[in-house]
Structure formats: C-alpha cells, structure tokens
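Below, each chain spelled out in residue letters.
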Amino acid sequence: MIGSILFIIFTIGFSAIIQKEFYFLNFLNEVIIISGIAVFFLNNKNIQKKIFLRGRRKIEAVIKKVSKVEKLKLKKEKHKTEITKIKKEPWKDVHVYDNCKFFTFVTKDNKEKVIALVTINKKQTLIVDGKIWKKFFDRILYIKISGDGKKVGALVEINGKFTLAINGEPWCKTFDWCYFDFEFSPNGKSVATIVGSEENGKYTVIKDDILWEKWYDWCSEMKFSPNGEKIAVIVEDNGKSTIAVNGRKRRLSCEKIDYFTFLPDNKTIVSIVRQNKRVTLAIDNCLLGTEQKKFSWHYEGDKNLNNFDFWFDEIEKPEISSDGKKITTIAKKDCNIYYITVKIN
C-alpha cells in the first residue's frame, strides 16, 4: 500500500518537473524520489540483499539477521555437516575430551583414514578410526600415515624431549631436536627421521628406533630407496657436502648438493652438485663427462667434446626413465642451452 502511494506521488512530481510549472514542486519531487526509493528497498528484502551482496555472495550468512537461538542452531548444523563430511557413520566408542582436531588421510588405494588429535587434562593423544591410543603425550606436533595405511606415526614431545610414536607406541630413544617431516618407506615397513643433539651440536638419522653411529654437522633431504632398504641423506662436515647412505658417506664431496634421488635399481644415486658457483650432474661418485666405463653421455652443443667444460650456470632436475637406464636434463651456460642425455651401462 505504501509503495503504491509513493509511486503515485513520484509520478505526479516527475510530471511537474517535465512541464517546469513550479520550482517548489521540483525540489519537493527530489525529496519524494529519494524517500520513495529508500522505503521501496526497505520493504523489499530480496532486492536489498541482492544489491548489497552484488559480487560478494559469500557473506550472505553474515548479513542475515537471526535470533540467538537461530544462531546456535545454525552453528550446530554447520558442525554436524563438517563431521558428516569426514565420517559418514559415527564412531561406536564415546570419548570425552577438552579439545579436538580432525584430520583425513588417503592411502594409496584411495581409502580414507580419519584421525582425531584430542587433548585431555593437558595431555594429547590420537583417535584413529574410532580407536584411541592408550598412551598420552605432552604434545603431538606432526602426524603421518604409511602409504598402505597400516601405520600411523606422530612426532611427540615427552618431558621436553622429542621422538616418534608408531601406532601409539613411542620409541625408546628421545632427542633434543627432531625433524618434523619424518618419512615412511615406500613399502610402509620402516620409518625414519633426522634428529639432533644439543650436547654435541650435531645431527644424524634414526630408522625404526636404531640410530646411525656417525653424527654430522648438518643433515637434510632424507630419502628412502624405492625398495625401502636404504636411506640417503645430504650431510655436511667441515664445510663440505656429500651424500651418506645407511650411515656411510660417499667419496664425492662439494660445496653444496642441490638435489639427489635414487634410481630404480635401489643403489645408484643421481645428484646435482655445486662448486664455485657452477653446477653439474653426478652419478654416484662420478661427475658428468668422466669415467665413461660406468656410463655414457651425450649432449647437443659444441662439437669439440674434448675441451668442453661440463660445469654449467644452471641445470634442471633430471628426468629418469622407468627402467633407470636413461637420464635427461637441460643445462644453461653463457646464454647457451644444452640438452644432456646420460645412459647407464
């Protein structure tokens, strides 16, 4: 009704402006137009919402006016929806906890594993698919599962020291420092991480609660071989970098190792090594362009191979064939691009 009356007044005023009969009507018409538009939008909530949310539809729930009871209901429905997305069926066991965070992991065969990090009396533990770990820890800092989903690992703190707990059982050895992103072997049977000691200021690797004998100035980039039997890590000693495999250092050392990986044969390692601001490719202890009895190399570039320097400004991460017999990469030097192919004999 109000809208209709305002519309009639708006029409009369607009006509008066066109005919220019009265100056006063012109002023009055502007006031009526503004008032009419304001009342029209106030009485039409749908249009109000549409214009206010133009290009910002994500905040629709924020501007909607609801009572306290409705807000509580919406909050409960949202929480219920989030839990339903994680787990379609409720867990049978009922657990009471002070705080809870849910994590969803996916195994290699696309099966979901739901893990809840819970706090009870200032101690933390995990609930894995509804089954709670019996032991509690001061803190749980990182959670990871094996590829097959059979093992759940966690980096935990116990009395100011750090260690790993596998399926609820902590390792016997604890350390001052522990690398948070520990690794499961590809077959899921083993787990390893890098640890450090404040006493000697050095670092080493621990696998399945068994510590390497040798400690180093620094360790980084730990990797398992494809079959999970070997562990390789970049180590630094006396300002030189090399690769240690199962606790034994390789002969080849340099200023820095930018990248390395195992070949499918589980023993050969290809790496990118850096020296004097230049980089090159290395196969085990052999630099590119040397020891052709072990591997042959070919590149597209200068024709004079005898005098060619195989140290480059840049070299890309190598591509490895499925059988590990062929390695290809692209290198750059002095504004030239070189395509390199290495064949393992």
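Please refer to the structure placed before this passage.
These numbers were taken from a predicted model, which means no experiment stands behind them. (Residues numbered from 1 in each chain as written. Predicted model: local features only at pLDDT ≥ 70, side-chain atom pairs only at ≥ 80, totals over all residues. Heavy atoms only, no water.)

1. Section: the pairing of strand β6 (residues 152-158)
Phase 1 of the analysis: Counting buried positions along β6 yields 6 of 7 residues, so the element is predominantly enclosed.
Phase 2 of the analysis: Both strand β5 (residues 139-145) and β6 contribute to a ladder of 6 bridges, which runs antiparallel. Residue pairing for β6: Ile145 is matched across the bridge by Val152.
Phase 3 of the analysis: From the end of β5 to the start of β6, which pair antiparallel, there are 6 residues, and Gly149 there has a positive phi angle of about 80°.
Phase 4 of the analysis: Alignment of β6 against strand β7 (residues 161-166), held across 6 bridges, turns out to be antiparallel. Each residue of the ladder has a partner; that of Glu157, found in β7, is Phe162.
Phase 5 of the analysis: Here β6 folds back onto β7 in antiparallel fashion, the turn holding 2 residues, of which Asn159 has a positive phi close to 55°. (Buried < 20%, exposed > 50% of the residue type's maximum accessible area, 1.4 Å probe, protein only. Helix = DSSP H or I, 4+ residues; strand = E, 2+ residues; numbered from the N terminus. Pairing = 2+ DSSP bridges.)

2. Thoughts on the nonpolar core
Phase 1 of the analysis: Within the largest apolar cluster, 18 residues are counted, with the highest numbers of intra-cluster contacts made by Leu281, Leu288, Phe312, Ile327 and Val342.
Phase 2 of the analysis: Those elements that place two or more of their residues in this core are β19 (269-275), β20 (278-283), β25 (326-333) and β26 (336-344).
Phase 3 of the analysis: Of the residues forming this core, the biggest block, 4 residues, is contributed by β26.
Phase 4 of the analysis: With 14 residues, the next largest nonpolar core counts Phe105, Val128, Val152 and Ala165 among its residues. (Core = buried A, V, L, I, M, F, W, Y, C linked by side-chain atoms within 4.5 Å.)

3. Here's the deal with the side chain of Thr242
Phase 1 of the analysis: Relative to the helices and strands, Thr242 resides in strand β16 (residues 240-245).
Phase 2 of the analysis: For Thr242, the side chain forms a polar contact with the main-chain oxygen of Arg250, separated by 3.2 Å.
Phase 3 of the analysis: A distance of 2.6 Å separates a polar side-chain atom of Thr242 from the backbone oxygen of Leu252.
Phase 4 of the analysis: Setting aside anything within four residues of it in sequence, one finds Thr242 in contact with Val233, Ile234, Val235, Lys249, Arg250, Leu252, Ser253 and Ile257. (Polar contact = N/O pair within 3.5 Å; in protein donor to acceptor, adjacent residues only side chain to side chain. Contact = heavy atoms within 4.5 Å.)

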